[in-house]
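Overview (structure and organization)
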Amino acid sequence: MSLKTDIEKEIKQAMLAKQKDRLRGLRAIKSLIMLEETKTSNDAGLTDAEELQILTKAAKQRRDSIEIFEKQGRKDLASLEITELEVISEFLPKQLSEEELTAELEAIISATGASGPKDMGKVMGMATKKLAGKADGKAISQKVKSLLNP
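Heads up: these notes are all about the structure in this document. (Residues numbered from 1 in each chain as written. Predicted model: local features only at pLDDT ≥ 70, side-chain atom pairs only at ≥ 80, totals over all residues. Heavy atoms only, no water.)

**Some words on helix 1 (residues 3-17)**
- Counted at 1.5 Å a residue, the expected span for helix 1 with its 15 residues is 21 Å, and the 21 Å between its end C-alpha atoms agrees.
- Residues Leu3, Ile7, Ile11 and Ala14 constitute the buried set of helix 1. Each buried residue of helix 1 lies within a common arc of 80 degrees when the element is viewed along its axis, so the set occupies one face. Exposed and facing more than 90 degrees away from the buried side of helix 1 are Lys12 and Leu16.
- Two residues or fewer past helix 1, Lys18 is found with a positive phi of approximately 55 degrees. (Helix = DSSP H or I, 4+ residues; strand = E, 2+ residues; numbered from the N terminus. Expected span 1.5 Å × (residues − 1). Buried < 20%, exposed > 50% of the residue type's maximum accessible area, 1.4 Å probe, protein only. Arc of directions from axis to C-beta.)

Spelled out as structure tokens, the structure:
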């Protein structure tokens, strides 16, 4: 079942339950999917990887907005973004824990033969593909830096 179909079912349930905040988050996801579908003009719909990429990008945008709103003291706007982020997170794969991320990155480092900071690009390229949706890019980057800098 596609993400779009799941979202449409969830929208109906949220409407029936009168969950306005959840409904707003679900509609945001649906609009992103529909926008991407019109860009590609692909009749078959989006692939799972494209759907994951859309959700990951939306979650990152919400996190960035939350950070900005909190710095500006706009708790009202931050809380709206937090509720949308929670809805988006429901459809993302489970995020890796700190230990799981470290183990994955150590395996990638040994597979690429990386030995120092100069090899960071090689490790990051492989890590971002393998861990897409499972870990935040910023967290991956910070962990790779700490692992490659003894």
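Let us keep going from here.
**Side note on the packing of helix 1 against helix 2 (residues 20-40)**
- In contact at an axis separation of 9 Å, helix 1 and helix 2 are set at 150 degrees when each is read in the N-to-C sense. Classified by the interaxial angle, the pair formed by helix 1 and helix 2 is roughly antiparallel. In this structure, helix 1 crosses over helix 2, and the sense of that crossing is left-handed. Contacts from Leu3, Lys4, Ile7, Glu8, Glu10, Ile11, Ala14 and Met15 in helix 1 reach Arg22, Leu23, Leu26, Arg27, Ile29, Lys30, Ile33, Met34 and Glu37 in helix 2. (Axes fitted to C-alpha atoms, helices over the stretch in contact; angles between N-to-C directions. Parallel < 35°, antiparallel > 145°, perpendicular 65-115°, else oblique. Left-handed = near helix turned anticlockwise from the far one by under 90°. Contact = heavy atoms within 4.5 Å.)

**Looking at the pattern of salt bridges**
- The full count for this structure, using the stated rule, is 17 salt bridges.
- In this structure, Glu104 and Lys130 form a salt bridge, with 3.3 Å as the shortest nitrogen-oxygen distance. Of this pair, Glu104 sits in helix 5 (residues 98-112) while Lys130 sits in helix 6 (residues 120-130); the two residues are 26 residues apart in sequence, bridging distant segments of the chain.
- Measuring nitrogen to oxygen at the nearest pair gives 3.7 Å for the salt bridge that ties Lys118 to Asp119. (Salt bridge = Lys/Arg side-chain N within 4 Å of Asp/Glu carboxyl O.)

**Observations concerning helix 6**
- Those residues of helix 6 lying buried are Met120, Val123, Met124 and Ala127. Across the axial projection of helix 6, the buried residues extend over an arc of 95 degrees, all falling on one side. Opposite the buried face of helix 6, by more than 90 degrees, sit the exposed residues Gly121 and Lys129.
- Considering only its buried residues, helix 6 is in contact with helix 5 and helix 7 (137-148).

**What about the side chain of Glu84?**
- Relative to the elements of secondary structure, Glu84 occurs in helix 4 (residues 75-90).
- Those residues in contact with Glu84, other than ones at most four positions away along the chain, are Arg24, Gly25, Ala28 and Arg62.

**Some points on unusual backbone geometry**
- A positive phi is found at Lys18, a non-glycine position, where the angle reads about 55 degrees.
- Relative to the assigned elements, Lys18 resides in the loop between helix 1 and helix 2.
- You can call Lys18 exposed: its relative accessible area is 70%.

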